[in-house]
Amino acid sequence: MNTKRLIIKNKIDDDKIEEAAQLLRKGEVVAFPTETVYGLGADATNEKAIDKIFKAKGRPSDNPLIVHIATKEQLFGLVANYPSYVEKLIDAFSPGPITYVLNSNEKVAANVTAGLETIGVRIPDDQIALALLKACAIPIAAPSANVSGKPSPTTVDHVLEDLDGKIAAVLGGCEAEVGVESTVVDCTGDIPLILRLGKVTKKDIEKIVGKVQVFSSSQGEVKKPKSPGLKYKHYAPEVPLLLIENSENIQSVINAEQKKNQRVGALVSSQTAQKLKADRFFLLGYKEEEMASNLYKLLRSIKKQDVDIVVCEYLPVEHVGNAVMDRLKRAATKII
Ligand code: TXA
Ligand code: MG
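Keep in mind it's a predicted model, so treat the numbers as computed, not measured. Within each chain, residue numbers correspond to sequence positions counted from 1 in written order. Lettering of chains starts at A and numbering of ligands starts at 1, both following the order in which they are written. Under the rules for a predicted model, residues below a pLDDT of 70 receive no local features and side-chain atom pairs below 80 are neither given nor counted, while totals for whole chains, interfaces and linings still include all residues. The basis for every side-chain value is the complete set of non-hydrogen atoms in the structure, without hydrogens or water.

The subject of this paragraph is the sheet that holds strand β13 (residues 264-268). Strand pairing is defined by DSSP finding a minimum of two bridges between the two strands. Helical segments are the DSSP runs of H or I of at least four residues, strand segments are the runs of E of at least two, and each set is numbered from the N terminus. Read across the sheet, 5 strands follow the order β14-β13-β15-β12-β16 without closing on themselves; strand pairing throughout is parallel. Each having just a single partner strand, β14 (280-283) and β16 (334-335) make up the two edges of the open sheet. Across 4 bridges, the pairing between strand β12 (residues 241-244) and strand β15 (residues 309-313) is parallel. In the sheet register, I244 faces β15, and the bridge partner there is E313. Packed on one face of the sheet, helix α10 (residues 288-301) meets β13 and β14 and runs near 155 degrees to β14. Contact criterion: two residues are considered in contact whenever any of their non-hydrogen atoms come within 4.5 Å of each other. Interaxial angles span 0 to 180 degrees and are taken between N-to-C directions of axes, which are lines fitted to C-alpha atoms, for helices over the stretch in contact.

As a further point, take the nonpolar core. Counting 68 residues, the largest nonpolar core has Y100 and L171 as the members making the most contacts within it. For this core, the leading source of residues is helix α5 (residues 127-136), giving 6 residues. With near-sequence residues (within four places) excluded, L171 lies in contact with L6, I8, K16, I17, A20, V30, A31, F32, P33, Y38, I128 and L132. Core analysis: the next-biggest nonpolar cluster, separate from the first, contains 28 residues, V239, L243, Y296 and V320 among them. Buried Ala, Val, Leu, Ile, Met, Phe, Trp, Tyr and Cys residues form a nonpolar core when they are joined through side-chain atoms within 4.5 Å. Summary of the burial criterion: residues with accessible area below 20% of their type's maximum are buried, those above 50% are exposed, and those between are partly exposed, where the area comes from a 1.4 Å probe applied to protein chains only.

On to the pairing of strand β5 (residues 98-103). Most of β5 sits inside the fold, with 5 of its 6 residues counted as buried. Direction of pairing for β5 relative to strand β9 (residues 183-186): parallel, over a ladder of 4 bridges. Each bridged residue has a counterpart across the sheet, and for Y100 the counterpart in β9 is V185. In terms of strand pairing, β5 meets strand β6 (residues 118-122) through 4 bridges, oriented antiparallel. Each residue of the ladder has a partner; that of Y100, found in β6, is V121.

See below:
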């Protein structure tokens, strides 16, 4: 299959949006930008179209997809009963990097929700995404547009690296602004429960609704996963990644690996890099926001031909930093 490049440089290009919308309406799979990462979209009401997403990504069929829509009205058209705090959250954070897990009214194809009674829905805060969703006027299911297990894509090039030839088109815009996926919040109970950390933090949500819980793997995650996606390995770079809890130990770990003739890369903040000696640096930047937007690009840039192993530090966990640490823990081969 020849993957069409529909690249939008500056101003929104209605012809390209319409072409992508037509492909989606016909049951094809199209990658598109969102403010978090690039998504791999298909018509959420068309079971065969959704199958194509799972196939292109090599995604396990028990991992449900997030449904993207343009408006609050469309969102409520896909869900059954919900607690009253949901409207408050939507008014505060949507469009934005947050996904609500709500009781589904089963208007979408069964394979979108992987057989669950709930549905994940979000209104992305990206001009191209919103224009596309309005143009096709159907709910679009979209996981991140990467091959399963690899870091999520934040640019058109990342999407093509993984999916060129496997999807009908990529609608391209700028680099994704946030860089890590949306915060996923289970809103089926009396208290919102954060299933996946993202740019919208626990504190942000607490300010709107008071009490909020964060799901942790100690709560029986493996036996009965709340969010099926959390049990799979994610974001793995080409070489082993050691995450080092105590930053004072980083240099000695690097030295020990070098003694074993390993070429060692350091995936660290720009301030930490100044204090270290390594074979190669992958610089995350100074601030949490920068670190989030650089993370996946850097994980993808770590290549076997350059380094044998990468060490990474525990980063500050203010704001979106919590989400960055969460992804690093999932990407790590070992935490020491
Ligand atoms: O920022 C994002 O959310 C991006 C962009 C493209 O919107 N999408 C994304 O999709 O990250 P994906 O498929 O890579 O991750 C979706 C996560 C998975 O962990 C999945 O298990 C969870 O959301 N999820 C989806 N529907 C769910 C549901 N009904 N109940 C619990 N978890 C759900
Ligand atoms: Mg993903």
